[in-house]
Amino acid sequence: MPSVTVLILRAPGTNCDRETAFAFERAGALAKFVHVNRLLENPGQLPDFQILCLPGGFSYGDDIAAGRILACQIKNHLAEVLHEFREAGNLILGICNGFQVLIKSGILLDDAAATLTWNDSGKFEDRWVHLKSSQNSNVFLEGVDKFYLPIAHAEGKFVVRDTDTLGTLDQNCQLVLRYADPEGRCDGVIEYPQNPNGSVANVAGVSDQSGRILGMMPHPERHIDPTHHPQWTRRKNQAEGDGLRLFRNAVRYFE
Amino acid sequence: MTLWEIDIYPAEGQPDLAAERVLAGSEDLGIHHQFSLTAARGFLLQGELDAEQVECLAGQLLSDEVVETTVVAPVGDQRLQTPPRGTGRVVHVLPKPGVTDPVADSAQAAIADFQLNVSAVRTLRKYWIEDLEDVPLQRLCQKILANDAIEQVVVGPLDFKELTLGSDYVFQLITTKVCELNDQQLMQLSRETQLYLSLAEMQTIQEHFQKLNRDPTDVELETVAQTWSEHCSHKTLAGRIAYRDPQGERRFENMLRETIFAVTQEIRQQLGPQDWCVSVFEDNAGIVRFDDDFNVVFKVETHNHPSALEPYGGANTGLGGVIRDPLGTGLGAKPVCNTDVFCFAPPDTPADSLPPGVLHPRRVMQGVVSGVRDYGNRMGIPTVNGAIYFDERYSGNPLVYCGNVGILPRSKSHKEPQAGDWVVTVGGRTGRDGIHGATFSSTELHSESETVSGGAVQIGNAITEKMLLDVILEARDRGLYSAITDCGAGGFSSAVGEMGEEIGAEVWLDKAPLKYEGLSYTEIWISEAQERMVLSVPPANWEEFQKLCQSEGVEATIIGKFVPTGRLQLKYNDVEVADLSMTFLHQGRPPVVREAIYQPPSTAPLQLPSQINYVESLQQILGSLNVASKHWVIRQYDHEVQGGSVIKPLVGISNDGPSDAAVVRPVLSSRRGLVIGCGMNPRYGDLDTYHMAASAIDEAMRNCVAVGADPERIALLDNFCWGNTERPETLGSLVRSAIACYEVAQGLGTPFISGKDSLNNEFSYLDENGKRQVISIPPTLLISAMGQVADVLNCVTMDLKESGNLLYQVGVTKQELGGSHFSMIHNLTGGNVPRVDVPQAKRTFAALHRAIQNNLVRACHDMSEGGLAVAAAEMCFAGGLGAELYLNQVPSDLSQDEMPQQNTCLLFSESNSRFLCEVPRNKEKGFEQALEGVPCGKIGTVQSTAELNIQIESDGKHPAQTIARVKVDSLKKAWLTPLDW
């Protein structure tokens, strides 16, 4: 019986919940789906879990702005519970829409320090990107240098309030995942489509200061199986997908 | 009560993407004036709020202070009339009252979470426009900023102080005088009340009510019209047809039953215990076996007429509607992928050459793609396969096909409503949207359709449907209902009418939850408001069902009861408003009797130009709209959500080569895959609709087999879109293609499992001289195919993998340039249309599948538009490699005396049942053995230099000759550029 349990938070419009649970299970955890209404009714159930995951999708249709309505619900009713959950040494992962929710609810960074807004292309895009990780400043990314994962979003451009904020985040090693070229270079200008949305400093994922919360736009749960890789028919070695590392790291953290 | 307005602008330094889009769009549509524009999005909030509260909502909920700034004031306030910079006139665009506004609904619910109360919310868009005169401004509003069908434009300050919410409805039973009318009056009634019934049908209704000694109520008449509409009953194709062609006469009692249904029945009988069909042409989608635990279902629908009027909403609800088909099949299938196929006029058509009342094809295309994108992505269903065809005859009547595949536990594949069950509506509320969609879609479009039928246009709300989906799958697994169907065309009328056909039903219309007050009982009954399903729930399960729905915020309401009366009884506030016999409703329609004639067009041989530049021809075909890369569309769709993606629509070393078919694993813990492909050749239909249909089937099969699907396990779907079939020649061309479907499917042993037709795809208008002109679409048959593969690790993609490997052409090239893309780019007519040698095709598919299963094939590509040349070019640039081809090795049936044409044919002929395969040298023998008995030629090799080099080898007498030599990069560029928007 797996000892690490994951709460997969569902809201109206969440749609990557199943495959994210599947990825956690592949990594050895037990995943349970909880609708946000149940968590609002009974926030006391959160400490029964070690990992909280906000999966991808379009919570409340992304109406108003991506992740905004769920973020407001969390900010208005669950901020304290989530804070305690993190302080108790647990992990929180937000993927795509989950990242948008974490950043807009002030769980990940200070309120209004940064946001995720419309891609420079002005449209939703599904494409694979190379990512460079700063490895050891976030539990989920431990020992991972590079990733190849798909993005699928319209509002994934990371923007900060001002350059000071960017400097502080950088100094604190919170800008943990960046869009890169195939060689793994991620500083300076990375052109579209390698930086698929125009994110400042090529930021694709952000850590909180504790290193136990990660928000990221790319989808690790979509690169678990060897046949997820867009060029798997060209490759000799059908190894497991890059994304699985991230889920294994989370489970291993508790073992 | 104050009406507050919140305008939200991009902050200093942030891009104004909405303004950029408008400026780009206006240039495309021929508004060449230089003007500048600032855009805002906004909200109107009506309620007892003070300025501080509204500021709080603006800052915390409605805008993002990192990237946006806001202006907050009561409507009418001067601050709202001040441009953020410069001068300029203000234009507001708002959804018309009653039009679904999902963002406003969500905002209203979210505001309640702030402990504030607003009685109404509406979204708006606001534009400040400088330096544009009245006339172009008006044109801009009409063509770009708003769509009259659903939106209102206010130039200058907003001219209202409150949001109207509908008005009270005073019940009054309306009967329609029918019994006393003469024929002319009957037809007038049919037209004026948008029943669109024929005289024979009106007379049948009249006789029925004369016997009952009373006139029908309005809702009875509407119910009959909906049930008997072409859209719901397919009366033309399922009707009596007297068909004549040069071979003789054939009489059909039920054309579809005797062709497309019949072939499936025959195949199922032949298969006996190996029959893998589960339910065909019965339920909302066809059902076939997948594995020991699951069945799979597939349905493709069209939403052409709504998409012509409002491309975004039409396509949006088209996809939303077809997703509800699998969900309403058996006891509810879980959707696993979507397909989309569109037909448009070329997007570069000059705006002034379009007929009046028609939206520009570029705008239609952008709207349709966005509509499918926003619904499919929000539902969390990957859109994995599709195609786009361009022809100027689609200018007034674009075609929008949307498909959905679902997976269904085997034990949940059949439904049976029980007498005594509640009739329950679940999901969205009922509004005035989509009234008369079923009858409207059965008639032709004309230049005033927009004003007459605007109500038929709907906007979807994907999240409502996603919530509905989540709840239904849970209720299905708990066994809480006995039957389910979707509320599509015809609304409750169709859904309850069909579900209760064998039993009888009583419906209490006043119980249906409404979006706003003021709907009459008839409007409630026939509304086609989206995102609703009707379920049959045993009373014992009601409490649990209702609780489940409540827990996820989904509305479920009892609106009636299935009762064993054989009658459809409707009540409003306990007053009976309709009482119809189910038998009359479902079997009373007089048979439609139609004549169909097929006269083969006189065929002239194709005259080739004397000088042909092969490289230029190839580049032109690659850059023609049908062949050119559709990455602009594909990337806007999430094609990987649900985590089962195996073969993506774009493949190869740069993730941009055109895959033949998509492969997904619907069950994440299993290696078994579903293969989705399609085929369509409207250009062949201009020559012969029989061979068009045969070629479409062959192409759909080819696409699936090319990636590894087992040809013995492919199921087909037919979607006929035709012009006005009251013309015998038009119907004749359709019947001819249905006969082809029968014969080819029979020969291949491939069943049809579901289908749909859309007739009367014509657009009429008055030209400058006041003369009525009709544009009829070309006969357009879409064949969709769903294949299966036992282990996805055996799948192959079309990109070349390694230099030194061998290239084989499988299948025979014939002199078949008729309807080809080669003849299209050279403006040639006539010639031989590609035919299908069915037994040969069957052998070829089986042999190639064997080779793929045994890992003998590294890459495989179907040969279709542009023939060998295009297939080879695509394989090269997808793999980042080159190829050397020897045309003299191509298997063909061309004789020597056809010499001058020979090379052109070998390169560009579009003969069916052909593939181009890459085979490693050490698998040469194995591959040739696997293909034994099938025409197959070793025609070249893969090269590391990215060049396509086409040669003829020396035959001893003549020296070797280079026919064409071109850098792969230049071919790729020609292919990528045209639709790189």
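Residues numbered from 1 in each chain as written. Chains lettered and ligands numbered in written order. Predicted model: local features only at pLDDT ≥ 70, side-chain atom pairs only at ≥ 80, totals over all residues. Heavy atoms only, no water.

The next point concerns the overall build of chain A. Along the backbone of chain A there are 7 helices and 11 strands. Relative to the globule expectation of 18 Å for 255 residues, the C-alpha radius of gyration of chain A, 17 Å, shows essentially globular dimensions. For chain A, the spread of C-alpha atoms along the three principal axes comes to 45 × 45 × 35 Å. In chain A, which comprises 255 residues, the share counted as buried stands at 67%. Put simply, 75% of the contacts in chain A that link residues at least 6 apart link residues at least 24 apart. Within the structure as shown, chain A displays about 8600 Å² of accessible surface, and the carbon and sulfur contribution to it stands at 46%. In chain A, 25 side chains carry a positive charge and 31 a negative one; their mean positions are 5 Å apart. (Helix = DSSP H or I, 4+ residues; strand = E, 2+ residues; numbered from the N terminus. Rg over C-alpha atoms; globule rule 2.2 N^0.38 Å. Buried < 20%, exposed > 50% of the residue type's maximum accessible area, 1.4 Å probe, protein only. Contact = heavy atoms within 4.5 Å. Areas by Shrake-Rupley, 256 points an atom, 1.4 Å probe, with all protein chains shown as cover. Lys, Arg positive; Asp, Glu negative; His and termini not counted. Charge placed at Lys NZ, Arg CZ, Asp CG, Glu CD.)

The subject of this paragraph is the side chain of Asn 724 of chain B. With respect to the helices and strands, Asn 724 of chain B occurs in the loop between strand E29 (715–721) and helix H24 (728–748). At 2.9 Å, the side chain of Asn 724 of chain B and the backbone nitrogen of Glu 726 of chain B are in polar contact. (Polar contact = N/O pair within 3.5 Å; in protein donor to acceptor, adjacent residues only side chain to side chain.)

In this section: the side chain of Asp 638 of chain B. Relative to the helices and strands, Asp 638 of chain B resides in the loop between helix H21 (631–634) and strand E24 (645–647). Here Arg 222 of chain A takes part through its side chain, which lies 2.9 Å from a polar atom of the side chain of Asp 638 of chain B. Only 3.0 Å separates the side chain of Asp 638 of chain B from the backbone nitrogen of Val 641 of chain B, close enough to count as a polar contact. The residues touching Asp 638 of chain B, leaving out its near neighbours within four places in the chain, are Phe 124, Asp 126, Ala 152 and Arg 222 of chain A together with Asn 377, Ile 381, Pro 382 and Thr 383 of chain B.

Right, let's get into the domain arrangement of chain B. Residue and element names in this part refer to chain B. For chain B, the assigned domains are domain 1 (2–155), domain 2 (176–249 + 415–589), domain 3 (254–414 + 673–795) and domain 4 (614–637 + 796–981). Between the C-alpha centres of domain 3 and domain 4 the distance comes to 26 Å. Contacts between the two partners involve 42 residues from domain 3, matched on the other side by 42 residues from domain 4. Taken together, the two surfaces of domain 3 and domain 4 that pack against each other cover about 3700 Å², and 61% of this comes from carbon and sulfur. Contact with domain 4 buries area across many residues of domain 3, yet Arg 683, Tyr 684 and Arg 702 alone supply 19% of it, more than any other trio. Viewed at the interface, domain 4 and domain 3 are joined by 1 salt bridge. As a salt-bridge pair, Asp 862 and Arg 702 come within 2.7 Å of each other at their nearest N and O atoms. (Domains from an automatic or database assignment. Buried area = accessible area lost by both parts, 1.4 Å probe. Salt bridge = Lys/Arg side-chain N within 4 Å of Asp/Glu carboxyl O.)

Attention now goes to the pairing of strand E36 (residues 882–886) of chain B. Residue and element names in this part refer to chain B. Counting buried residues along E36, 5 of its 5 residues qualify, which places the element largely inside the surrounding structure. Covered by surrounding structure in E36 are Gly 882, Glu 884 and Tyr 886 together with Ala 883 and Leu 885, the residues of both alternating faces. Across 4 bridges, the pairing between E36 and strand E38 (residues 936–943) is antiparallel. Residue Leu 885 lies in a different strand from E38, and its bridge partner there is Gly 940. (Pairing = 2+ DSSP bridges.)

Within this structure, the stated rule accounts for 21 aromatic pairs over all chains. Both rings, one in Phe 845 of chain B and one in Phe 915 of chain B, keep their centres 6.1 Å apart while their planes meet at 80 degrees; by these two values the pair is edge-to-face. One end of the pair, Phe 845 of chain B, is in helix H26 (residues 838–853); the other, Phe 915 of chain B, is in strand E37 (residues 915–919), and 70 residues separate them in sequence. The same class applies to Phe 845 of chain B as to Phe 915 of chain B, namely buried. Among the aromatic residues, those joined into a ring-pair cluster are Tyr 169, Phe 171, Tyr 521 and Tyr 572 of chain B. A cation over a ring is seen here: Arg 18 of chain A above Phe 33 of chain A, with NZ or CZ 4.5 Å from the ring centre. Sitting over the ring of Phe 290 of chain B, Arg 672 of chain B keeps its end group 5.4 Å from the ring centre. (Phe/Tyr/Trp six-rings, centres within 6.5 Å; stacked < 30°, edge-to-face > 60°. Lys NZ or Arg CZ within 6 Å of the ring centre and 35° of its normal.)

Opposite the 68 residues of chain B that make contact, chain A presents 56 residues. Both sides together, the interface formed by chain B and chain A hides about 4800 Å², and carbon and sulfur atoms give 50% of it. Counting the surface chain B buries against chain A, the share from its top three residues, Val 66, Arg 635 and Glu 640 of chain B, is 12%. Residue Arg 222 of chain A pairs with Asp 638 of chain B through a salt bridge whose shortest N-O separation is 2.9 Å. Applying the counting criterion to the chain B and chain A interface returns 31 residue pairs in polar contact (both at pLDDT 80 or more). Sorting the residues of the side of chain B that touches chain A by element identifies helix H1 (17–28), strand E2 (36–47), helix H2 (51–62), helix H3 (102–112), helix H12 (361–379), helix H15 (462–477), E24 and helix H27 (867–879) of chain B as the ones contributing at least two each. It is H3 of chain B that contributes the most residues to the side of chain B that touches chain A, 5 residues altogether. When the residues that make up the side of chain B that touches chain A are grouped by side-chain class, the tally is 29 nonpolar, 19 polar and 20 charged. (Nonpolar A, V, L, I, M, F, W, Y, C, P; charged D, E, K, R; others polar.)

Let us look at the sheet that holds strand E9 (residues 277–279) of chain B. Residue and element names in this part refer to chain B. Spatial ordering of the open sheet is given by E9-E10-E11-E14-E12-E13, a layout of 6 strands whose pairing is mixed. Single-partner strands in this sheet number two, and they are E9 and strand E13 (383–390). Here the strands of the sheet are splayed against their neighbours by 20 degrees on average, with no regard to which way each runs. Sheet analysis places strand E10 (residues 286–289) next to strand E11 (residues 294–302), joined by 4 bridges and oriented antiparallel. Residue pairing in the sheet places Gly 286 in a bridge with Phe 298 of E11. The strands that H12 touches are strand E12 (334–344), E13 and strand E14 (399–409); relative to E12, the one it contacts most, it runs at about 180 degrees. (Axes fitted to C-alpha atoms, helices over the stretch in contact; angles between N-to-C directions.)

Among the nonpolar cores identified, the biggest contains 129 residues, and Cys 917, Phe 927 and Leu 948 of chain B are the most heavily contacted of them. Setting aside chain neighbours within four positions, we find Phe 927 of chain B in contact with Tyr 808, Val 810, Ala 851, Leu 856, Val 857, Cys 917, Val 919 and Cys 936 of chain B. Among the nonpolar cores identified, the runner-up in size contains 96 residues, and Val 4, Leu 82, Phe 99 and Ile 103 of chain A belong to it. (Core = buried A, V, L, I, M, F, W, Y, C linked by side-chain atoms within 4.5 Å.)

Residues and elements named next belong to chain B. Here H26 spans 22 Å end to end across 16 residues, near enough to the 22 Å set by a 1.5 Å rise per residue. Within the span of H26, buried status applies to Val 838, Gln 840, Ala 841, Thr 844, Phe 845, Ala 847, Leu 848, His 849, Ala 851 and Ile 852. Those residues of H26 hidden inside the fold are in contact with helix H23 (689–707), H24, strand E34 (806–810), strand E35 (859–862), E37 and helix H29 (924–930). Looking at the residues trailing H26, positive phi occurs at Asn 855, about 60 degrees. (Expected span 1.5 Å × (residues − 1).)

What follows is about the pattern of salt bridges. Per the counting criterion, the structure on display carries 60 salt bridges over all chains. Notably, a salt bridge pairs Asp 374 of chain B with Arg 378 of chain B, separated by 3.9 Å at the nearest N-O pair. Placement of the pair is Asp 374 of chain B and Arg 378 of chain B together in helix H12, with a separation of 4 residues, close to one helical turn. Measuring nitrogen to oxygen at the nearest pair gives 2.9 Å for the salt bridge that ties Asp 391 of chain B to Arg 393 of chain B. Given the relative accessible area of 28%, Arg 393 of chain B is considered partly exposed. Here the salt bridges share partners, and the residues they tie into one network are Arg 10 and Asp 17 of chain A together with Lys 466, Asp 470 and Glu 552 of chain B.

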